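Inside the fold
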Amino acid sequence: MPSESHSMKNWAGNLEYSSADVSRPESVAELASIVAASPRIKALGSRHSFNRVGDTDGVHVLLDALPQQVELDSGRGTVRVSGGVSYGALCRTLEDAGVAIHNLASLPHISVAGAVQTGTHGSGVNNPALAGAVESIDLVRASGEQVTLTREDGDEFLASVVGIGALGIVTGLELAVRPSFRMRQRVLEDLPWDNALGDFAGIVSSAYSVSLFTDYAGSSINQVWLKALDGEEPLPNLFGATAALHPRHPLPDMSAENCTAQLDEPGLWLDRLPHFRHEFTPSNGDELQSEFILPLEHAPAALQAVRALAEDLAPLLFVSEIRTGAADEFWLSPFYRQQSAALHFTWKPLQPEVEGFLPVLEEALRPFGARPHWGKLFTPEGYDWEALYPRFADFRAFAAGHDPEGKFRNALLDSILGVPARR
């Protein structure tokens, strides 16, 4: 198809992609041919990244014309899904078959492949990021070779699942499923900061999935969203917060119409784990996002450090969400070998001001080993990647071996990986 390079933007609208051409292959074989013939190429899914991790000055391939398959294997307890399928579409199909996946991000409209490649997650101290469900991954390598990697492939698999687009284009994944389950959701308001910091581990462990929403100003956290399994006992106390009497939106002045049901109303997992309803499909988001993941035990001290910046931070924020996640083994996962807290920042669309403030925030979080989310705004030159990721040098070697000409590279990946790929 003709180039869209001057009209194609990301979901947030804060960046215009720089590709010279755009292609929509209708089969994996066609995609493989395009990859083999292109000196520079990247894939785009739901375009929900806020930085240029998915950008290229070569060819962009859009995966929405590929066959969108969701194939359940009841005997193996898995589902095979095309990379371009959204979590919303996947979950409806799974629920129709009586099964579920372990967790979901706040928005169900993101693509499975893009979310997994960038380390996207939901919440819950015992819930791995979305990549934790992956049992196998289908990739098109730089040569055009089609490969499938499973857990039995060891390092190749562990390097490729959260691969930030550097090791190939993901065309499919096999995810572990479990029996469908029911949940209920309630919102607490005005949790005192002293209580939150004094028993942070207890609060974030008090339900299957917990999210805290704040702007870091004042003496209390605005809201706590508790997503409990239907059989979990109600909380014996509310940690000094009060239960919301009406459905709430994470932003105090917004209608809760598009949010998932609250007030302890029981419902299916796919209608409670996200914050927003599947039938609500935001066409764009007039916002920016950053996120930093750090060891759970450091969360209270890290939150205090962020609170010290509130005077300059709060005017740039719509809201900040605090979540948690279990450890995993994927080399570039922000949750690699650490149970973690994730500090997410939804910024107002003030990119120069946000980018000017980010180094200050990142410096405050540096002592706590904070790892940035790969698909959101951060300053890559400010990180010692090998100190943060023990297998980082091995990943760099894999990237050089699988893509020696830098077909899947761009300026951001060059910056992260430390050296430009050979041109």
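Where an unreviewed UniProt entry is consulted, the chain appears under the name Xylitol oxidase, with the organism given as Pseudarthrobacter defluvii.

Turning our attention to helix α2 (residues 87-96). Considered for burial, the residues of α2 that qualify are Y87, G88, L90, C91, L94 and E95. All buried residues of α2 fall inside an arc of 160 degrees around its axis, so they share one side. Of the surrounding secondary structure, the elements contacted by the buried residues of α2 are β4 (70-73), β5 (78-82), β6 (99-100), α3 (112-117), β9 (169-176) and β15 (267-268). Positioned one or two residues after α2, G98 has a phi angle of 80 degrees, which is positive.

Judged by nonpolar contacts, the single largest core of 122 residues is most densely connected at Y216, W269 and W347. Contact partners of W269, with chain neighbours within four places excluded, come to C91, L94, E95, V99, A100, I101, L104, S180, F181, R182, M183 and P274. Judged by nonpolar contacts, the second largest core, of 13 residues, contains I34, V35, L63 and V140.

With that settled, the discussion passes to the environment of K376. Topologically, K376 is positioned in the loop between β19 (371-372) and α10 (385-388). Each C-alpha atom of the pair K376 and Q289 lies 5.7 Å from the other, and the pair is 87 residues apart in sequence. When sequence neighbours within four positions are dropped, the list of residues in contact with K376 reads F50, N51, Q289, S290, E291 and H344. Side-chain polar atoms of K376 contact the side chain of H344, separated by 3.1 Å.

Another aspect to go through is the pattern of salt bridges. Following the criterion strictly, the structure yields 22 salt bridges and no others. Across the pair R76 and E174 runs a salt bridge whose closest N-O atoms are separated by 2.9 Å. Placement of the pair is R76 in the loop between β4 and β5 and E174 in strand β9, with a sequence separation of 98 residues. For the salt bridge of R248 with E189, the shortest nitrogen-to-oxygen distance reads 1.8 Å. You can see R248 sitting in the loop between β14 (242-243) and β15 and its partner E189 sitting in strand β11 (residues 182-192), a full 59 residues away along the chain. Judged on exposure class, the residue R248 and its partner E189 are both buried.

Turning our attention to the pairing of β11. As judged from the two bridges shared by β11 and β15, these two strands associate in the antiparallel manner. Opposite R182, over in β15, you have L268 as the bridge partner. Strand direction decides the pairing type here: β11 and strand β13 (residues 220-229), joined by nine bridges, are antiparallel. The residue bridging E189 from the neighbouring strand is Q223, located in β13. Two elements, β11 and β14, share two bridges in a ladder whose sense is antiparallel. By the bridge assignment, L188 is partnered in β14 with A243.

Each value, and the rule that gives it
- Residues numbered from 1 in each chain as written.
- Predicted model: local features only at pLDDT ≥ 70, side-chain atom pairs only at ≥ 80, totals over all residues.
- Heavy atoms only, no water.
- Buried < 20%, exposed > 50% of the residue type's maximum accessible area, 1.4 Å probe, protein only.
- Helix = DSSP H or I, 4+ residues; strand = E, 2+ residues; numbered from the N terminus.
- Arc of directions from axis to C-beta.
- Contact = heavy atoms within 4.5 Å.
- Core = buried A, V, L, I, M, F, W, Y, C linked by side-chain atoms within 4.5 Å.
- Polar contact = N/O pair within 3.5 Å; in protein donor to acceptor, adjacent residues only side chain to side chain.
- Salt bridge = Lys/Arg side-chain N within 4 Å of Asp/Glu carboxyl O.
- Pairing = 2+ DSSP bridges.

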